[in-house]
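Residues per chain are reported as follows:
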Amino acid sequence: SGCTTNAGGGGGDDGGWIDRSDSEWGTCCTLAFRCLKLIVDDFLDELPEPQDASLKTTCTALLDCCASFGSSKHDVNISLTATGMLWTVADQDPLPSTVDYVLSRLASLSSDNRPEVRNCSVNTLFSCIVGLGPSFSPDQWRICLSQTIFGVLDQIASRGLGLNVGTGIGVGGVSENNSQISSSSRAETTTTSESSNIPSSSSTTTNTTTERYKVSVHHSRDSSSKQWATTQVLTLRGIERVLRQYFGKLVQTILVDAELECGDDSNVDGDDAVATQEDQHDNTEQQQQQQQ
């Protein structure tokens, strides 16, 4: 699915490794994805379980295939469809282990270099959380908040910040180089406009009109940093959806965790106090015996 993998045999100087990132594998990738989609759509209930418990389950292997097609670079439409298939599997098999694995795969795809894929993954991730949230246990909510949601937010923010630092993007979203280019472009446009007002025998009316209304388009209108900023906005909107839908349950989960931590601290303090009282009692008895 667009990556370098082991063919599982073969010998040879290359050790059995096959580079599936070539365009020649594009047709094979399309045919393989059709088979995978057929399994997810029509035969998901018929998946067998492995006889060896140490092996990964069939559902886990299926989710890995969907995630691999999601990160494949052959066709962006295949990647978008595979991302939606992860949510389909979670809907049809809403076991905690399956849902947690789906969320982890979607979280990985949310940092894809292609903006269409990562934006689709972010939207699918939060739609899956909102749709399956009523069945989440407190432990699932803890993992979802601490690792999945805020993990995705930190990763996307760091990627966007890295681009901004590398390109010198300022607070206004425009780099110093871009500002200089814009200024020079405006100066060039003004000069051109002024020069076009001067009558010249060698220039025609059409050329004068074209130069007079020459428009310079800013080259950074759709830069990578702005695309990552859009993904960050989608992530914040997704967090807003989750908080608006499950704020009470999340607060209750946080309060329970805080009570447990306070209880552990009080138990430790109580044990220390009891130990101190016992030591004082032993010291008092020793002093009395010495006086006698």
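Residue positions within a chain follow its written sequence, with the count starting from 1. With pLDDT at 70 or above as the cut-off, local features in this predicted model cover only qualifying residues; side-chain atom pairs require 80 or more to be listed or tallied, and sums for whole chains, interfaces and linings still use all residues. Hydrogen atoms and water are omitted, and side-chain values are computed over all heavy atoms in the structure.

Asks: Teacher, can you tell me more about the pattern of salt bridges here?
Replies: Here the idea is simple: oppositely charged side chains can pair when their charged atoms come close. Only one rule defines a salt bridge in this text: a Lys or Arg side-chain nitrogen within 4 Å of an Asp or Glu carboxyl oxygen. Counting across every chain of the model gives four salt bridges. The salt bridge involving R114 is made with D112; its shortest N-O contact spans 3.0 Å. By the burial criterion, R114 is buried, and D112 matches it. The rule is simple: take the accessible area with a 1.4 Å probe, protein chains only, and divide by the maximum for that residue type; under 20% is buried, over 50% is exposed, in between is partly exposed.

Asks: Mind showing me how you'd approach the packing of aromatic side chains here?
Replies: Ring pairs (aromatic) are described by centroid distance and by the angle formed between their planes. Pairing of aromatic side chains here covers Phe, Tyr and the six-membered ring of Trp, requires ring centres within 6.5 Å, and sorts the geometry by plane angle: under 30 degrees stacked, over 60 edge-to-face, intermediate tilted. What the rule picks out here adds up to three aromatic pairs. Taking 5.1 Å as the distance between ring centres and 50° as the angle between the ring planes, the aromatic pair formed by W141 and Y246 counts as tilted. Here the residue W141 occupies a position in helix α6 (residues 138-167), and Y246 occupies one in helix α9 (residues 224-291), the gap between them amounting to 105 residues. The structure contains a cluster of three or more aromatic residues connected by ring pairs, namely F136, W141 and Y246. One cation-aromatic arrangement involves R105 over Y101; the distance from NZ or CZ to the ring centre is 5.3 Å. Charge-over-ring placement is defined geometrically: NZ (Lys) or CZ (Arg) within 6 Å of the ring centre, and within 35 degrees of the ring normal. Across from the ring centre of W228, 3.7 Å away, lies the NZ or CZ of R118, which sits over that ring. Each helix is a run of H or I in the DSSP string that is no shorter than four residues. Each strand is a run of E no shorter than two, and both are numbered from the N terminus.

Asks: Explanation requested: the side chain of T235 in the structure shown.
Replies: Residue position: T235 is located in helix α9. We classify T235 as buried; its relative accessible area is 0%. The contacts of T235, once residues within four sequence positions are left out, are V122, F126, V152, L153 and I156. Residues count as neighbours in contact if any of their non-hydrogen atoms are within 4.5 Å of one another.

Asks: Please explain the environment of T98 as it appears in this structure.
Replies: For T98, the location among the structural elements is in helix α4 (residues 96-109). For the pair T98 and T60, spaced 38 residues apart in sequence, the C-alpha to C-alpha distance is 7.4 Å. Ignoring sequence-local partners within four residues, the contact set of T98 consists of C59, L63, V89 and D93.

Asks: Hey, could you run me through a nonpolar patch on the surface in this one?
Replies: Patches here are clusters of residues that have more than 30% relative accessible area and form no salt bridge, with a 9 Å joining cutoff for like charges and a 5 Å cutoff for nonpolar side chains (Val, Leu, Ile, Met, Phe, Trp, Tyr). Computed with the Shrake-Rupley method and a 1.4 Å probe, the accessible areas treat only the protein chains shown as cover for residues. There is a patch of nonpolar side chains on the surface, built from L243, F247, V251 and L255 and spanning about 350 Å² of accessible area. Residue position: V251 is located in helix α9.

Asks: Is there a simple way to explain the confidence of the model for the chain in this structure?
Replies: Detailed conclusions should not be drawn from predicted coordinates in areas where pLDDT is low. Per residue, pLDDT captures the predictor's confidence, and it can take any value from 0 to 100. Summing up the model confidence of the chain, the mean pLDDT is 76 and the portion of residues at 70 or higher is 62%. Looking at the elements of the chain, mean pLDDT is at its lowest for strand β1 (residues 4-6), recorded as 40, and at its highest for helix α5 (residues 115-132), recorded as 96. Residue range residues 1-16 is modelled with pLDDT below 50. Its contacts to residues more than four positions away, or to other chains, number 28 contacts. Considering only residues more than four positions removed or in separate chains, one finds that residues 169-196, a stretch of pLDDT under 50, has 24 contacts.

Asks: Just to check I follow, could you spell out α5 for this structure?
Replies: Helical geometry: 3.6 residues make up each α-helical turn, so side chains three or four residues apart lie on a common side. Relative to the 26 Å expected for 18 residues at 1.5 Å per residue, α5 spans 26 Å between its end C-alpha atoms, a close match to the ideal helical length. Within α5, 14 of the 18 residues are buried, which leaves it mostly tucked inside the rest of the structure. Any helix carries an expected span of 1.5 Å times its number of residues minus one.

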